[in-house]
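# Summary of the model geometry
Given next are the chains, with one letter for each unit.
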Amino acid sequence: MGSHARPNRLHKTGARFATVALFGAVLPITAGGIAQAATPAATHSAEQNDGAPAADTQDVPDIAADHAYLLDARDGSQEREMWAGAKADESVSMASTTKIMTAVVVLKHPEWLDRQITVKQEYRDYVQANGASTADLQTGDKLTVRQLLHAMLIPSGGDAAMALADNYGVGSTTEARVADFERQMNAEAAQLGMTGTHFDSFDGISHGDNRSTARDLAKLGQRAMLQPVFADVVKQKKYEADAPAANGHTRYYTWENTNDLLGTYDGALGIKTGSGEEAGYSLVFAAKRDNRTLVGAIIGADKEVFGDATKVLDWGFAH
């Protein structure tokens, strides 16, 4: 089975852990990581309803993060701005929240969800070389696209993201296919009107120009949640999968979600965490209560991102 490389505890894109076992020999493997967090909030008032009195300057979420945004998803096909932080439209590094767009591009081909993809050593080498978060996929295993989406979105596996980019891009080499996939990501961003966003990465490890805004990421999260497969994946706290291994045995994987809102916030639906030494902590989040769905984003923050998201959601449901 080979050696199992363990990346550094602080991953550039954020992950908790993955457990892998081969039938006949259980091998728990911890792919360490960090559950995202950000700090307290901004000073923008909520959008006023027609005829409503002006909002008090203190009537905003009590957090310090400026790169933050909240929208009311309404029926899913439209959204209404509820609150924008002071820097909601400033482009900054978004870390692993990048993987939301990776999933959106992949899901443009739902007919391929059950297609099997063979894990290449190249994918493991990538996460090891970059200190990326990992689902600890094993070389030669065959996982379906659906399983790889879970591996990418739940433990934030950069190896799974690379497998998807390599197989959904067009070109004669891995480098060419990945570049084409990133082109598809930018084309989709343009179509969604994400004017403050640019991708140069399939997983959030930037090559110098991988950035977005809180407004754009909230919009992306809202659109992604319209995809039933995506919505089903990101709400799961834990996922177990089995896959044919290279030696003919069966490999068992267990992935746990990096999103601490799940199971702690009433009505939480997902969506995606992100963290990095330069990017800080980020979170795109969603929750539903009383037939209302709110979607928000906090990026480039400094710890406590789950507490801040809780405050933003509480404020939103109270308005």
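Residues numbered from 1 in each chain as written. Predicted model: local features only at pLDDT ≥ 70, side-chain atom pairs only at ≥ 80, totals over all residues. Heavy atoms only, no water.

Helix and strand content of the protein chain: 8 helices and 12 strands. Sorting the 319 residues of the protein chain into buried and exposed places 57% on the buried side. A separation of at least 24 residues holds for 64% of the contacts in the protein chain among residues at least 6 apart in sequence. Summed over all atoms, the accessible surface of the protein chain reaches about 12900 Å², with 47% contributed by carbon and sulfur. (Helix = DSSP H or I, 4+ residues; strand = E, 2+ residues; numbered from the N terminus. Buried < 20%, exposed > 50% of the residue type's maximum accessible area, 1.4 Å probe, protein only. Contact = heavy atoms within 4.5 Å. Areas by Shrake-Rupley, 256 points an atom, 1.4 Å probe, with all protein chains shown as cover.)

Turning our eyes to something else, we now look at the pattern of salt bridges. Within the structure shown, the criterion is met by 15 salt bridges. Its salt-bridge partner being Arg292, residue Asp72 comes within 3.3 Å of it at the nearest N-O pair. Taken as a pair, Asp72 in strand E2 (residues 68–72) and Arg292 in strand E12 (residues 292–301) lie far apart in primary sequence, 220 residues in all. Relative accessible area serves as the criterion here: at 8%, Asp72 is assigned to the buried category. (Salt bridge = Lys/Arg side-chain N within 4 Å of Asp/Glu carboxyl O.)

Further remarks concern unusual backbone geometry. At Asp136, a residue that is not glycine, the phi angle is positive and equals roughly 55°. Within the fold, Asp136 resides in the loop between helix H2 (121–130) and strand E6 (142–144). Positive phi values are uncommon outside glycine, yet Asn291 reaches one of about 65°. Along the chain, Asn291 turns up in the loop between strand E11 (280–289) and E12.

On to the nonpolar core, then. By size, the foremost hydrophobic cluster in this structure holds 68 residues, and its most contacted members are Met101, Leu137, Leu149, Leu164, Phe230, Trp255 and Ile271. Element by element, the count of residues in this core is highest for helix H4 (residues 158–168), at 7 residues. Not counting the four nearest positions on each side in its chain, Met101 is found in contact with Met185, Glu188, Ala189, Leu192, Met194, Phe199 and Leu220. The next biggest cluster of nonpolar side chains, apart from the first, holds 24 residues, and it includes Ala268, Phe285, Ile298 and Trp315. (Core = buried A, V, L, I, M, F, W, Y, C linked by side-chain atoms within 4.5 Å.)

Once that is clear, we can look at the sheet that holds E11. Note: strands within a sheet are paired through backbone hydrogen bonds, in either parallel or antiparallel orientation. Spatial ordering of the open sheet is given by E3-E2-E12-E11-E10, a layout of 5 strands whose pairing is antiparallel. At either end of the open sheet lies a strand with only one pairing partner, and these are strand E3 (80–84) and strand E10 (268–276). Neighbour to neighbour, the strand axes of the sheet diverge by 10° on average, direction disregarded. Sheet topology places E2 next to E12; 5 bridges connect them, and they run antiparallel. By the bridge assignment, Tyr69 is partnered in E12 with Ala297. (Pairing = 2+ DSSP bridges. Axes fitted to C-alpha atoms, helices over the stretch in contact; angles between N-to-C directions.)

Here the focus is the pairing of E11. Across the 10 residues of E11, 8 count as buried, placing the element largely inside the fold. Connecting the antiparallel pair E10 and E11 is a turn made up of 3 residues. With 8 bridges connecting them, E11 and E12 associate as antiparallel partners. The residue of E12 that forms the bridge with Lys288 is Thr293.

The two faces of strand E8 (residues 238–244) differ: Tyr239, Ala241 and Ala243 on one face are buried, but Lys238, Glu240, Asp242 and Pro244 on the other face are not. In terms of strand pairing, E8 meets strand E9 (residues 250–256) through 7 bridges, oriented antiparallel. Looking at the pairing, Ala243 lines up with Arg251 of E9. Here E8 hands over to E9 after 5 residues, with Gly248 in that stretch at a positive phi of 90°.

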